[in-house]
Amino acid sequence: TGAATVLRLASGAMANVINATSVNSILISQLRIDGSLSIVGGWGIRCSTVTDSKVDSVWIENMVGPGIGLDSTSNNNIISGNHLDNNVRGGVGGNINLSVSNNNIISDNNIQGGRNSGIVVYVSSNNIISDNNIQDNDDGMLVYGNSNNNIISDNNIQDNTGSDNAHGI
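The sections below set out a description of the structure shown in this document. Residue positions are given per chain, counted from 1 along the sequence in the order it is written. Selection of residues for local features in this predicted model requires a pLDDT of at least 70, selection of side-chain atom pairs for listing and counting requires 80 or more, and totals for whole chains, interfaces and linings are taken over all residues. Neither water nor hydrogens contribute to the side-chain values; these are computed over all heavy atoms in the structure.

## Remarks on the pattern of salt bridges
And step 1. What makes a salt bridge here is a side-chain nitrogen of Lys or Arg within 4 Å of a carboxyl oxygen of Asp or Glu, nothing more. Overall, the coordinates contain three salt bridges when judged by the stated rule.
And step 2. The closest approach of N and O atoms between Arg32 and Glu61, which form a salt bridge, is 3.0 Å. Residue Arg32 is found in strand S3 (residues 27-34), and its partner Glu61 is found in strand S5 (residues 54-61); the two are separated by 29 residues along the sequence. Both residues of the pair, Arg32 and Glu61, belong to the buried class.
And step 3. A salt bridge links Arg46 to Asp71; its shortest N-O distance comes to 2.8 Å. Separated by 25 residues along the polypeptide, Arg46 in strand S4 (residues 45-48) and Asp71 in strand S6 (residues 68-71) bring together distant segments of the chain. By the criteria applied, helices consist of DSSP H or I runs no shorter than four residues and strands consist of E runs no shorter than two, each listed in order from the N terminus. Partly exposed describes any residue whose relative accessible area lies between the buried limit of under 20% and the exposed limit of over 50%, with all areas from a 1.4 Å probe on protein chains only and scaled to the type maximum.

## Notes on the environment of Asn95
And step 1. Tracing the sequence through the fold places Asn95 in strand S9 (residues 94-99).
And step 2. Between the C-alpha atom of Asn95 and that of Gly65, which follows or precedes it by 30 residues, the distance is 8.2 Å.
And step 3. Setting aside residues no more than four positions away along its own chain, Asn95 makes contact with Pro66, Gly67, Ile68, Leu84, Asn87, Ile111, Gln112, Gly114, Ser117, Gly118 and Asn137.
And step 4. In protein, a polar contact requires one atom able to donate a hydrogen and another able to accept it; more generally it is a pair of N or O atoms within 3.5 Å, and residues adjacent in sequence count only if both atoms are side-chain atoms. Here Asn87 takes part through its side chain, which lies 2.7 Å from a polar atom of the side chain of Asn95. The contact definition used throughout considers only heavy atoms, calling two residues in contact when any of these lie within 4.5 Å.

## As for a nonpolar patch on the surface
And step 1. Patches in this entry comprise residues that are over 30% relatively accessible and not in a salt bridge; like charges within 9 Å are linked, as are nonpolar side chains (Val, Leu, Ile, Met, Phe, Trp, Tyr) within 5 Å. Using a 1.4 Å probe, accessible areas were evaluated by the Shrake-Rupley method; residue-level cover was limited to the displayed protein chains. Taken together, the side chains of Ile78, Ile105, Ile128 and Ile151 make up a nonpolar region of the molecular surface, amounting to roughly 280 Å² of accessible area.
And step 2. Inspection of the secondary structure assignment puts Ile105 in strand S10 (residues 105-107).

## A few points about empty space enclosed by the protein
Rolled over the atoms, a probe sized like a water molecule indicates the empty space that remains.
And step 1. Two kinds of site are reported from a 1 Å grid over the protein atoms alone, namely cavities, where a 1.4 Å probe fits but cannot get out, and pockets, open sets with protein on both sides within 12 Å along at least five of seven lines, and residues are called lining when an atom falls within 4 Å of a point. Grid points are joined across faces, edges and corners, and a volume is the space filled by probe spheres set on the points. The full count for this structure, using the stated rule, is one cavity of 30 Å³ or more.
And step 2. In this structure, the largest cavity occupies an estimated 50 Å³ of space.
And step 3. Around the largest cavity sit Ile26, Ile28, Cys47, Val50, Ser53, Lys54, Val55, Leu70, Asn77, Ile78 and Ile79, which together line it.
And step 4. Looking at the lining of the largest cavity, the elements with two or more residues in it are S5 and strand S7 (78-80).
And step 5. Just so you know the grouping, Ala, Val, Leu, Ile, Met, Phe, Trp, Tyr, Cys and Pro go in nonpolar, Asp, Glu, Lys and Arg go in charged, and all remaining residues, Gly too, go in polar. Grouping the amino acids of the lining of the largest cavity by side-chain chemistry returns eight nonpolar, two polar and one charged.

## A word on the nonpolar core
And step 1. Judged by nonpolar contacts, the single largest core of 27 residues is most densely connected at Ile33, Ile45, Val58, Ile60, Ile68, Ile96 and Ile119.
And step 2. For this core, the secondary structure elements donating two or more residues are strand S2 (18-21), S3, S4, S5, S6, S9, strand S12 (117-122) and strand S15 (139-144).
And step 3. In this view, Ile96 contacts Ile68, Ile79, Leu84, Ile106, Asn109, Ile111, Gly118, Ile119 and Val120; residues no more than four positions away in its chain are not counted. For this analysis, a nonpolar core means a set of buried residues of the types Ala, Val, Leu, Ile, Met, Phe, Trp, Tyr and Cys, connected via side-chain atoms within 4.5 Å.

## Remarks on the environment of Glu61
And step 1. Among the residues examined, Glu61 registers a relative accessible area of 19% and is labelled buried.
And step 2. Distance from Glu61 to Leu37, taken between C-alpha atoms, is 8.5 Å for residues 24 residues apart in sequence.
And step 3. Residues in contact with Glu61, not counting those within four places in the same chain, are Arg32, Ile33, Asp34, Gly35, Asp85 and Asn87.
And step 4. There is a polar contact of 3.0 Å between the side chain of Glu61 and the side chain of Arg32.

## Side note on the side chain of Ser80
And step 1. Considering the arrangement of structural elements, one finds Ser80 in strand S7.
And step 2. Non-local contacts of Ser80, meaning those with residues more than four positions away in its chain, are made with Val55, Asp56, Ser57, Ser107, Asp108 and Asn109.

## Some points on the pairing of S6
And step 1. Of the two faces of S6, the one carrying Ile68 and Leu70 and the one carrying Gly69 and Asp71 are both buried.
And step 2. Two strands make a pair as long as DSSP finds a minimum of two bridges between them. Looking at chain direction, S4 and S6 are connected through four bridges and run parallel. Bridging across to S6, Ile45 finds its partner in Ile68.
And step 3. Taken together, the four bridges between S6 and S9 define a ladder with parallel strand orientation. Residue pairing for S9: Gly69 is matched across the bridge by Asn97.

Given below as structure tokens:
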């Protein structure tokens, strides 16, 4: 368990390291994902239509795609206590992505060294984003696309190199 348990993406692979689709009540915890900066990339953890689940105490680094993503109505999930470092991505993306996903909690994560945003919220509402440390990314946080009623509080957003530390808020 912990950072010594490593899932490593093979060089040149285009895949999500963990891909969960249409499942409920899963726990992903106590492991490390290393994307090895694969040229074509993939996501560290991608959850599509996943509910009532938790990603906790996971280290994700060197992904060409996002570190953790909830999309396609992934609702009522918790992403907490994770360490995301040096995850790069072209286009709009971030270390943690919420896309068309509601009623989730994103808290107590350490997000640094990513290209584009630390956290992206797109067409997602009623989420709580709190107590995250977001440093040294292009943008700290991006909220857009009819995302309403999100609670964003007590985040440490600093030393991001984009035009805004908290863009779109």
